[in-house]
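A closer look at the structure
For reference, the chains in residue letters:
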Amino acid sequence: MGSGLGTIWAHKGHHVFFSFSRDPRKLGTLANVTPHCRAGSPSEAAASSEIVLLSVGWAMVDEALKATGGLDGKVLIDCTNPLKPDLSGLAVGLETSAAEEIQARVSGARVVKAFNTVFAEVYHSETRLFGSRRPTMLFCGNDPGAKSTVSKLIIETGFEPVDAGPLSSARYLEPLAMLMVQLGRKQGLGTNIALNLIHR
Ligand SMILES: NC(=O)c1ccc[n+]([C@@H]2O[C@H](COP(=O)([O-])OP(=O)(O)OC[C@H]3O[C@@H](n4cnc5c(N)ncnc54)[C@H](OP(=O)(O)O)[C@@H]3O)[C@@H](O)[C@H]2O)c1
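Because the structure is predicted, anything quoted here is derived from the model rather than measured. Every chain begins its residue count from 1, and numbering advances along the sequence as written. Only residues with pLDDT of at least 70 get local features here, since the model is predicted, and only at 80 or more are side-chain atom pairs given and counted; chain-wide, interface and lining totals rely on the full set of residues.

**Looking at the overall build of the protein**
Selection rule: Secondary structure is summarised from DSSP: a helix means a run of H or I of at least four residues, a strand means a run of E of at least two, and numbering begins at the N terminus for each. Each residue is classified by how many other C-beta atoms fall within 10 Å of its C-beta atom, where C-beta atoms are placed from the backbone; a count of 20 or more means buried, 12 or fewer means exposed, and values in between mean partly exposed.
The helix and strand inventory of the protein stands at eight helices and seven strands. Over its C-alpha atoms, taken along the principal directions, the protein stretches across nearly 40 × 35 × 35 Å. Looking at the protein as a whole, 36% of its 200 residues qualify as buried.

Right under this line is the structure:
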């Protein structure tokens, strides 16, 4: 998720700082092949960035947040899905969400849930278009300014942003990601799928 989204954003002209890997050479390679990029520690990445993407497995969230240090005032995009290891459900249940649990851990950050309902393969594809259609990206959060920033980033990434409301709507977006896993991995649709919300 991090390499795919970071690479798209770098090609859109953003300065991207790749971080948090067991293999720092991977980060260096990513930074070298994309424009405007650097690689380094999570605390360096967070300190030099306005927007931080948290793209680690649920089990690694605490370690990653600890490594970033202060996130006060930063826009923190949470694309995690707190899947149980056997994919049988959500580790946090349905009366909270990973996004809300993360917000509670970093109360000064402005958490926005986004990008979690689309497979990484779509971010690694050459285009986000499916034919001529731009897929929907549902997002939610409590800070209007942070949501506006992320909405623009969603458009730059190639999606139609749809505001799903407060951060507690992550309680719907995270199970929706489980449905995508069911469709993509168990029903045989594959991972190059995305949702398209229509309205009139
Ligand atoms: N993959 C998808 O299609 C998809 C779609 C939507 C949402 N998500 C969610 O997005 C989050 C990231 O998913 P992902 O597929 O990008 O995961 P991933 O490929 O496993 O990436 C996890 C990141 O954490 C790093 N990391 C550092 N220390 C680690 C450690 N001790 N153990 C494991 N990883 C460590 C990994 O770096 P190294 O491996 O280089 O060490 C990598 O940068 C997850 O919460 C997932 O549920 C995934």
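Read on, since the account is not over.
**Focus: the nonpolar core**
The cut-off we apply is this: Connectivity within a nonpolar core runs through C-beta atoms within 7 Å, and the core itself is a set of buried Ala, Val, Leu, Ile, Met, Phe, Trp, Tyr and Cys residues. Any pair of residues counts as being in contact when their C-beta atoms, constructed from backbone geometry, are within 7 Å of one another.
Leu 76, Ile 77, Val 112, Ala 114, Met 137, Phe 139 and Val 150 are the most contacted members of the largest nonpolar core, which has 49 residues in total. When near neighbours in sequence (up to four residues on either side) are disregarded, Leu 76 contacts Val 52, Leu 54, Leu 71, Val 106, Ala 109, Arg 110 and Val 111.

**Considering the sheet that holds strand E6 (residues 136-141)**
Short version of the rule: Pairing between strands requires that DSSP locate at least two bridges from one strand to the other. Between N-to-C directions, angles span 0 to 180 degrees; the directions come from axes that are lines fitted to C-alpha atoms, helices contributing only their stretch in contact.
With respect to topology, five strands assemble into an open sheet ordered E3-E4-E5-E6-E7, the strand pairing being mixed. Because the sheet does not close on itself, it has two edges, and the strands there are strand E3 (51-54) and strand E7 (160-163). For this sheet, the mean angle separating the axes of adjacent strands, direction not counted, is 30 degrees. Note: E6 against E7, four bridges, orientation parallel. Opposite Phe 139, over in E7, you have Asp 163 as the bridge partner.

**Examining helix H5 (residues 98-105)**
All buried positions along H5 are accounted for by Ala 98, Ala 99, Glu 100, Ile 102 and Gln 103. Against the buried residues of H5 lie E3, helix H4 (61-68), strand E4 (75-78), strand E5 (110-113) and helix H8 (170-186).

**Some remarks on the environment of Leu 195**
Inspection of the secondary structure assignment puts Leu 195 in the segment after H8. Sequence separation of Leu 195 and Arg 134 is 61 residues, and the distance between their C-alpha atoms is 9.3 Å. Among residues more than four places away in sequence, those in contact with Leu 195 are Thr 117, Pro 135 and Thr 136.

**Brief notes about the environment of Glu 156**
In this structure, Glu 156 sits in helix H7 (residues 144-157). Spatially, the C-alpha atoms of Glu 156 and Phe 20 are 24 Å apart, while their sequence positions differ by 136 residues.

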